[in-house]
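Residues per chain are reported as follows:
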Amino acid sequence: MSAPVAAPDAELTGRRVEELLDRLTAHGDAATTATAEELVRVLMDFYGAGLTRIMHLVERRTGADGPRTALLGDALVSSLLVLHDLHPEDAATRIDRALASVRSQDAVEVAEFVPETGALRLAESGSGGCGCGGAADRPAVEGALSCFAPEVTSVAWETRTAAPEPPLLQISRRPPTAAPVS
């Protein structure tokens, strides 16, 4: 985690953004200016949603563990913390958290993560345990990874075939005993 830096002054920052947009308007074409204004709006919406979520989670989760668990478990808040290098958990923990967020429906495990390249290899079981062959919702898993662990740059999938299930053993009542032969 980085050392805290002085918070920028909100008024000065607002003026600086306006100044930069005015410079773009004066020196850029209309399409560039519109793109820059849209970029500012998108970023403001993103940060506004994150701050709204933080406030909601802080107000809702004030139990013994405080709001920390709820904040770190929220995909939007977690992505903001990672984006600014403020997340207190390491990449492996955040990968596990991402998988846990979708694991209730998908049996996916980390086979290997290479931090230097961002390559992640995931193994999914070939069966959901009920004999129905439940495959992972790969887009949901990859979406969770992008929120919780954006340093994952590529995901390779492998399927592990589960051992064949043992045959079903039928248990029934014992047949009636034959009458003694006289």
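Here, every reference points to the structure presented above.
Residues numbered from 1 in each chain as written. Predicted model: local features only at pLDDT ≥ 70, side-chain atom pairs only at ≥ 80, totals over all residues. Heavy atoms only, no water.

K.L.:
Can you walk me through the overall build of the chain in this structure?
P.N.:
The helix and strand inventory of the chain stands at six helices and three strands. Taking all contacts inside the chain whose residues are at least 6 apart in sequence as the whole, residues at least 24 apart take part in 52%. Summed over its atoms, the accessible surface of the chain is roughly 12800 Å², and 60% of this surface lies on carbon and sulfur atoms. (Helix = DSSP H or I, 4+ residues; strand = E, 2+ residues; numbered from the N terminus. Contact = heavy atoms within 4.5 Å. Areas by Shrake-Rupley, 256 points an atom, 1.4 Å probe, with all protein chains shown as cover.)

K.L.:
What am I meant to see in the sheet that holds strand 3 (residues 154–160) here?
P.N.:
Note on sheets: strands pair through backbone hydrogen bonds, and any given pair is parallel or antiparallel. The strand order across the open sheet built from three strands is 1-2-3, with neighbouring strands paired in mixed fashion. Unpaired on one side and paired on the other, strand 1 (108–114) and strand 3 mark the two borders of the sheet. Direction aside, the axes of adjacent strands within the sheet are offset by 25° on average. Helix-sheet contacts for helix 5 (residues 91–103) involve strand 1 and strand 2 (119–125), and the interaxial angle to strand 1 is about 155°. (Pairing = 2+ DSSP bridges. Axes fitted to C-alpha atoms, helices over the stretch in contact; angles between N-to-C directions.)

K.L.:
When you look at the side chain of threonine 33 in this model, what are you seeing that I'm missing?
P.N.:
Relative to the helices and strands, threonine 33 is located in helix 2 (residues 30–60). If we skip the residues at most four places from it in the chain, threonine 33 touches Leu24, Thr25 and Gly28.

K.L.:
What am I meant to see in the layout of surface pockets here?
P.N.:
Over the atoms a probe the size of a water molecule is rolled, and this reveals where empty space is left. By volume, the largest pocket amounts to about 220 Å³. Taken together, Met44, Tyr47, Gly48, Leu51, Ile54, Val77, Leu80, Leu81, His84 and Leu86 form the lining of the largest pocket. Every element with two or more residues in the lining of the largest pocket is listed here: helix 2 and helix 4 (75–83). A breakdown of the residues in the lining of the largest pocket according to their chemical character gives eight nonpolar, two polar and no charged. (1 Å grid on protein atoms, 1.4 Å probe; cavity = no way out; pocket = protein on both sides within 12 Å on 5 of 7 lines; lining within 4 Å. Points joined across faces, edges and corners; volume = space filled by probe spheres on them. Nonpolar A, V, L, I, M, F, W, Y, C, P; charged D, E, K, R; others polar.)

K.L.:
Got a minute to help me understand unusual backbone geometry in this structure?
P.N.:
Look at aspartate 85: it is not a glycine, yet its phi comes out positive at around 55°. By the element assignment, aspartate 85 lies in the loop between helix 4 and helix 5.

K.L.:
Whenever I open this one, the environment of tyrosine 47 confuses me. Can you help?
P.N.:
By the element assignment, tyrosine 47 lies in helix 2. Sequence-wise, tyrosine 47 and valine 77 are 30 residues apart; in three dimensions their C-alpha atoms are separated by 9.4 Å. When sequence neighbours within four positions are dropped, the list of residues in contact with tyrosine 47 reads Leu80, Leu83 and His84.

K.L.:
Quick question: what am I supposed to make of the pairing of strand 1 here?
P.N.:
The side chains of a regular strand alternate, residue by residue, between the two faces of the sheet. Sheet topology note: the strand 1/strand 2 ladder contains six bridges and is antiparallel. Its bridge partner being in strand 2, valine 110 is matched across the sheet by leucine 122. If you look at the hairpin formed by strand 1 and strand 2, you'll find four residues sitting between the two strands, and glycine 118 has a positive phi there, around 80°.

K.L.:
Help me understand the packing of helix 1 (residues 10–27) against helix 2, please; the structure alone is not making it clear to me.
P.N.:
Helix packing geometry: the angle between the two helix axes and the distance between the axes. Interhelical geometry of helix 1 versus helix 2 gives an angle of 160° and a closest axis separation of 8 Å. What the angle tells us is that helix 1 and helix 2 run roughly antiparallel. Remark: the crossing between helix 1 and helix 2 carries right-handed chirality. Within the contact between the two elements, helix 1 uses Val17, Leu21, Leu24 and Thr25 and helix 2 uses Thr32, Thr33, Ala36, Glu37 and Val40. Taken together, the residues of the contact of helix 1 with helix 2 break down into five nonpolar, three polar and one charged. (Parallel < 35°, antiparallel > 145°, perpendicular 65-115°, else oblique. Left-handed = near helix turned anticlockwise from the far one by under 90°.)

K.L.:
What's the story with the packing of aromatic side chains in this structure? I'm lost.
P.N.:
Here the distance between the centres and the angle between the planes together describe a pair of aromatic rings. Going through the model one piece at a time under the given rule, you end up with one aromatic pair. Between the aromatic rings of phenylalanine 46 and tyrosine 47, the centroid separation amounts to 5.5 Å while the plane-to-plane angle is 75°, which identifies the pairing as edge-to-face. By relative accessible area, phenylalanine 46 is classed as partly exposed at 29%. (Phe/Tyr/Trp six-rings, centres within 6.5 Å; stacked < 30°, edge-to-face > 60°. Buried < 20%, exposed > 50% of the residue type's maximum accessible area, 1.4 Å probe, protein only.)

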